[in-house]
Amino acid sequence: MAEPDVLVAPSTIEYPFRRTTGPVIGAFLTALREGFLVGIKSSDGKVIVPPVEYDPYTADALTEIVEVGDAGEVTAWSWVAEPLDGQPLDRPFAFALIKLDGADTAMLHVVDTGGDPAAIATGMRVRARWKPPRPVGASEEDDATGAHRVGSILDIECFVPEGEN
Amino acid sequence: MRDVAIISFAQTQHRRAVRELNEVEMLMPVLVDVVAKAGITKDRIDFVCSGSADYLAGMAFSFVMTLDGVGPWPPISESHVDMDGAWALYEAWVKMQMGDVDVALVYSYGKSSPGNLRRVLTRQLDPYYLAPMWPDPVSLAALQARAALDAGVVTETEMAEVVAASRRAALSNPSAQLRGEVEASSLLSEEYFVAPLRRHDCPPISDGAAAVILAADDVARQLCERPAWIRGIDHRIEPHSLGVRDLTRSVSTEQAATHAGVDKDKIDLAELHAPFSHQEVILRRALGLGDEVAVNPSGGALAANPIMAAGLIRLGEAATRITCGAADRAVAHATSGPCLQQNLVCVLEGE
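Let us look at the structure shown here.

Rules used in this analysis
Residues numbered from 1 in each chain as written. Chains lettered and ligands numbered in written order. Predicted model: local features only at pLDDT ≥ 70, side-chain atom pairs only at ≥ 80, totals over all residues. Heavy atoms only, no water. Helix = DSSP H or I, 4+ residues; strand = E, 2+ residues; numbered from the N terminus. Rg over C-alpha atoms; globule rule 2.2 N^0.38 Å. Buried < 20%, exposed > 50% of the residue type's maximum accessible area, 1.4 Å probe, protein only. Contact = heavy atoms within 4.5 Å. Areas by Shrake-Rupley, 256 points an atom, 1.4 Å probe, with all protein chains shown as cover. Lys, Arg positive; Asp, Glu negative; His and termini not counted. Charge placed at Lys NZ, Arg CZ, Asp CG, Glu CD. Core = buried A, V, L, I, M, F, W, Y, C linked by side-chain atoms within 4.5 Å. Salt bridge = Lys/Arg side-chain N within 4 Å of Asp/Glu carboxyl O. Phe/Tyr/Trp six-rings, centres within 6.5 Å; stacked < 30°, edge-to-face > 60°. Lys NZ or Arg CZ within 6 Å of the ring centre and 35° of its normal. Buried area = accessible area lost by both parts, 1.4 Å probe. Expected span 1.5 Å × (residues − 1).

It is worth spelling out the overall build of chain B at this point. Check the secondary structure of chain B and you find 12 helices and 12 strands. Relative to the globule expectation of 20 Å for 351 residues, the C-alpha radius of gyration of chain B, 19 Å, shows essentially globular dimensions. Counting the 351 residues in chain B, one finds 63% classified as buried. The contacts of chain B with a sequence gap of at least 6 include a subset with a gap of at least 24, amounting to 79%. Approximately 13,000 Å² of chain B is accessible, and the part contributed by carbon and sulfur atoms is 51%. Averaged over its 31 positive side-chain charges, chain B has a centre that lies 3 Å from the centre of its 45 negative ones.

So, on to the overall build of chain A. Along chain A, the regular secondary structure elements total two helices and eight strands. Taken from N to C terminus, the helices and strands of chain A fall in the order α-β-β-β-β-β-β-β-α-β. Along the first, second and third principal axes, the C-alpha set of chain A runs to 65 × 40 × 40 Å. For chain A, the proportion of its 165 residues judged to be buried stands at 42%. Counted over contacts in chain A with a minimum sequence separation of 6, partners at least 24 positions apart contribute 57%.

Ranked by internal contacts, the top residues of the largest apolar core, which has 92 residues, are F28, L37, L100 and F159 of chain A together with L197 and L289 of chain B. Looking at this core element by element, the count peaks at nine residues for helix α6 (residues 137–150) of chain B. Once you skip the residues sitting within four places of it in the chain, L197 of chain B turns out to touch V138, A141, A142, A145, M159, Y192, C202, F276 and H278 of chain B. Judged by nonpolar contacts, the second largest core, of 39 residues, contains I313, A327, A332 and L348 of chain B.

Per the stated rule, a full pass over the model turns up 31 salt bridges over all chains. Across the pair R125 of chain A and E162 of chain A runs a salt bridge, and its minimum N-O distance is 2.9 Å. Here R125 of chain A is found in strand β7 (residues 125–130), whereas its partner E162 of chain A is found in the segment after β8 (156–161), with 37 residues between them in sequence. Salt-bridge contacts for E156 of chain B lead to R198 of chain B; the nearest nitrogen and oxygen are separated by 2.8 Å. Taken together, the residues E156 of chain B in helix α7 (residues 156–169) and R198 of chain B in strand β6 (residues 197–198) connect sequence positions 42 residues apart.

Considering all chains together, one arrives at four aromatic pairs over all chains under this definition. Ring plane angle 75° and centroid distance 5.1 Å describe the contact between F93 of chain A and F95 of chain A, whose orientation is recorded as edge-to-face. Look at F93 of chain A and you get buried, because its relative accessible area is 0%. For F95 of chain A, a relative accessible area of 0% puts it in the buried group. Their ring planes at 40° and their centres at 6.3 Å tell us that F61 of chain B and F63 of chain B sit as a pair that is tilted. Assessed through its relative accessible area of 59%, F61 of chain B is described here as exposed. One residue, K95 of chain B, lies across the ring of F47 of chain B, its end atom 5.1 Å from the ring centre.

Tallying the contact residues gives 39 residues for chain A and 31 residues for chain B. Taken together, both faces of the contact between chain A and chain B bury some 2,900 Å²; the carbon and sulfur share is 68%. Ranking the residues of chain A by area buried against chain B places W77, L84 and L108 of chain A at the top, with a combined share of 17%. Joining chain A to chain B, the criterion identifies zero salt bridges.

All names here are of chain B. If you check α6, its first and last C-alpha atoms are 20 Å apart, about what 14 residues at 1.5 Å a residue would give, namely 20 Å. Burial analysis of α6 places 12 of its 14 residues in the buried class, which makes it a mostly covered element. By the burial criterion, the buried members of α6 are V138, S139, L140, A141, A142, L143, Q144, A145, R146, A147, A148 and L149. One or two residues past the end of α6 sits G152, with phi positive at roughly 75°.

Here is the structure:
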């Protein structure tokens, strides 16, 4: 059957809102901007990173923010040979669940091995590669360039095998 | 509890891209078909519940346009979930328990082709911790596959065998998109797509729709020679942080299966909504299904995966096999969210 002649029109969707991040997510994002990572203590004393406002199992409100390390262990990974638009790296990389030092749960981020799929493995140690600090007096336009830390999960450019940065 | 049964099921022939039809045009023949198969007219329907995703349609309240397909004038009793149609069926089942609805129409549909599906679905994720990295569903499923492989829950050979079985089963499913005779060994020789997943470990991108008619008690018996009775139905969800969950198990499926009473008697067949090959192995374990249970005689979601309909289709496929007498007791499963985050389990029985 021949492909019918179909009229199509482009439709681009935006979500241009500003949202208040609150005391828990806000604390995590603020810490990122300052160059460190925090988690939160769950009802049974485990450290959840990134922090959540309510315990995932008991639904208790959580409040005890604790600092964790910026290095840790890869607990699972997938190799993205052809990155999609928007993903943090434009060369082959790994999405990884990373259990940071001092944390009891793993966090999703990306690992850059210079494009080498053989250089990542479950259990390997990785460390955050940070963007530079936010310059004093930076404008909103400066923040939008992505060149420095602004309080975003992307303030960590990527994780790299420990010892490489 | 009122006895409620699936008495009719219809679906599209799922395709990679249905360009020549909009959503309501794609859905309309399915609605006509499901009503005809039930042997009723539209005015017999007391309640309509639908499932679809605004993310796919690229607009808010997109389900409203498909209400034209059911004829909403004079005013009808109607509801919608932004979830797979399996959850729309659950809502209809709950509503029928209240006693004022005897016949319900449930439908769902998804056109994935207009956008880049892998990118579109990243927009549904946590906006602070995940979405800025655009982690697509294939990459997230691959993390789960890696965890399951590392834990020894599944092997790459088992994953390829799941795919080969799906392709073979789909040979007898006219609605399937992918079918054929393939050997697991030849699948294993293919390159990785998003390692450890190969392209065939991932579901096809599909446009399609499905619908079922539910009927209660004696109405079901009047309308259908052998209704597929819902003997148990339950759905459970796990935390949305991936790192908090044990990705090598499906705890929420285990919980839903217990509440739905899966283990109360022997199961003849299971229709599992496992979009990725390794997930079928995880789900079989969670449901306690032995080798004697026929899994996905339709080919499952690896044969056609119209998002928002693929779960409802599992219920419809299982029900059809009971209605025709091929099975007495079946389990149908639907999933939602990344890496099997939320799961619905339904036990269907003939009389």
